[in-house]
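If you want the building blocks of each chain, they are given just below.
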Amino acid sequence: MTQLPGLVVTGASGRMGRMLVQMIAASDKARLVGAVERSGHDWIGQDIGTAMGGAALGVRVTDDPLEAFAQAQGVIDFTAPRATLDFAQLAAQARLVHVIGTTGFTEDELNALKPAARHAVIVRAGNMSLGVNLLVQLTKRVAAALDADYDIEIVEAHHNLKVDAPSGTALMLGEAAAEGRGVALADVSDRGRDGITGARRRGDIGFAAIRGGDVIGEHDVIFAGPGERIVLRHLASDRALFARGALRAALWGQGRAPGEYDMMDVLGL
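Residues numbered from 1 in each chain as written. Predicted model: local features only at pLDDT ≥ 70, side-chain atom pairs only at ≥ 80, totals over all residues. Heavy atoms only, no water.

### Topic: the side chain of threonine 139
Reasoning step 1: Considering the arrangement of structural elements, one finds threonine 139 in helix 6 (residues 130-145).
Reasoning step 2: With near-sequence residues (within four places) excluded, threonine 139 lies in contact with Leu173, Ala176, Ala177, Val221, Phe223 and Leu232. (Helix = DSSP H or I, 4+ residues; strand = E, 2+ residues; numbered from the N terminus. Contact = heavy atoms within 4.5 Å.)

### Focus on the pairing of strand 10 (residues 217-225)
Reasoning step 1: Of all nine residues making up strand 10, seven are buried, and the element is well covered by its neighbours.
Reasoning step 2: Bridging between strand 10 and strand 11 (residues 228-236) involves nine bridges; their strand directions are antiparallel. Bridge assignment links glutamate 218 to a residue of strand 11, and that residue is leucine 235.
Reasoning step 3: Once strand 10 ends, the chain turns through two residues before running back antiparallel as strand 11, passing glycine 227 with a positive phi of about 80 degrees. (Buried < 20%, exposed > 50% of the residue type's maximum accessible area, 1.4 Å probe, protein only. Pairing = 2+ DSSP bridges.)

### Let's talk about helix 5 (residues 107-117)
Reasoning step 1: Within the span of helix 5, buried status applies to Glu109, Leu110, Leu113, Ala116 and Ala117. Angularly, the buried residues of helix 5 cover 100 degrees about the axis, an arc narrow enough to put them on a single face. More than 90 degrees from the buried face of helix 5, the exposed residues found are Glu107 and Asp108. (Arc of directions from axis to C-beta.)

### A word on helix 1 (residues 15-26)
Reasoning step 1: The end-to-end C-alpha separation of helix 1 is 17 Å, in line with the 16 Å expected for twelve residues at 1.5 Å each.
Reasoning step 2: Of the positions making up helix 1, those classed as buried are Met16, Gly17, Leu20, Val21, Met23 and Ile24.
Reasoning step 3: Those residues of helix 1 that are buried lie in contact with strand 1 (6-10), strand 2 (31-36), helix 2 (48-51), strand 4 (74-77) and helix 9 (240-252). (Expected span 1.5 Å × (residues − 1).)

### Re a nonpolar patch on the surface
Reasoning step 1: On the surface, Leu130, Leu134 and Leu269 cluster together into a nonpolar patch covering about 250 Å² of accessible area.
Reasoning step 2: Position of leucine 130 relative to the elements: it lies in helix 6.
Reasoning step 3: The partly exposed category is assigned to leucine 130, whose relative accessible area is 45%. (Patch = residues over 30% accessible without salt bridge, like charges linked within 9 Å, V, L, I, M, F, W, Y side chains within 5 Å. Areas by Shrake-Rupley, 256 points an atom, 1.4 Å probe, with all protein chains shown as cover. Salt bridge = Lys/Arg side-chain N within 4 Å of Asp/Glu carboxyl O.)

### What about the sheet that holds strand 9 (residues 205-211)?
Reasoning step 1: Taken in spatial order, the five strands of this open sheet run 8-9-7-10-11, and their pairing is mixed. If you trace the sheet from one side to the other, it starts and ends with strand 8 (189-190) and strand 11, each paired once.
Reasoning step 2: Most of the contacts of helix 6 go to strand 11, to which it runs at about 165 degrees, and overall it touches strand 7 (151-158), strand 10 and strand 11. (Axes fitted to C-alpha atoms, helices over the stretch in contact; angles between N-to-C directions.)

As far as function goes, none of this settles anything; it's purely spatial.
Okay, here's the thing in structure tokens:
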């Protein structure tokens, strides 16, 4: 019988890390073979299951990603841009499928991922859910159908511990709207309004970020035109949906040719 793909979770103690550990451990399609945390973390050396307050899973938390990657076929990574770039180099050397849910990259950091994609499969998305990726497609289509008389505003809400804004999902939606309009998002993005800003510039795509409590993720794309507003909305009520999407991506990437992919590829959209 073919052995199930072995997966490593980086940032194993984080919200998404814990969810991914639980989901992979319970899966009949993959095996958990590694859990990585930063050096000095309290969980280093402990079984990941008992560190999370449950039953032992037979996988010890390590601060050595090379050790964990050596026995894996894929890695799921929801950490921080700098850490993800380091993991990408190691994953490429080991020819692992690297699923990246990390957000907050600069353009230079995204470009720095490209060499790794020449040697390994990278699936990167600002959001791993089916619903959000459908929303991205809808946003592109509506933006293409409506001219600049319809102002586009993207409003997102997340928990009070999120460190980047706009969210990766909001930027995905902004890129989709810009693509639908046939413009570059960098040329029309409006991310900050404070004081006497003057009238809204025609054709801009505005962003607003809300941070508070334990909000998992809420995104509205508003098309505000003369006499009407069209609102496309996605509300996430369970972080598990992102973990399910990431696991699906890690399995989908097995046996694929090296390159950069996204959830549109994984979902066949």
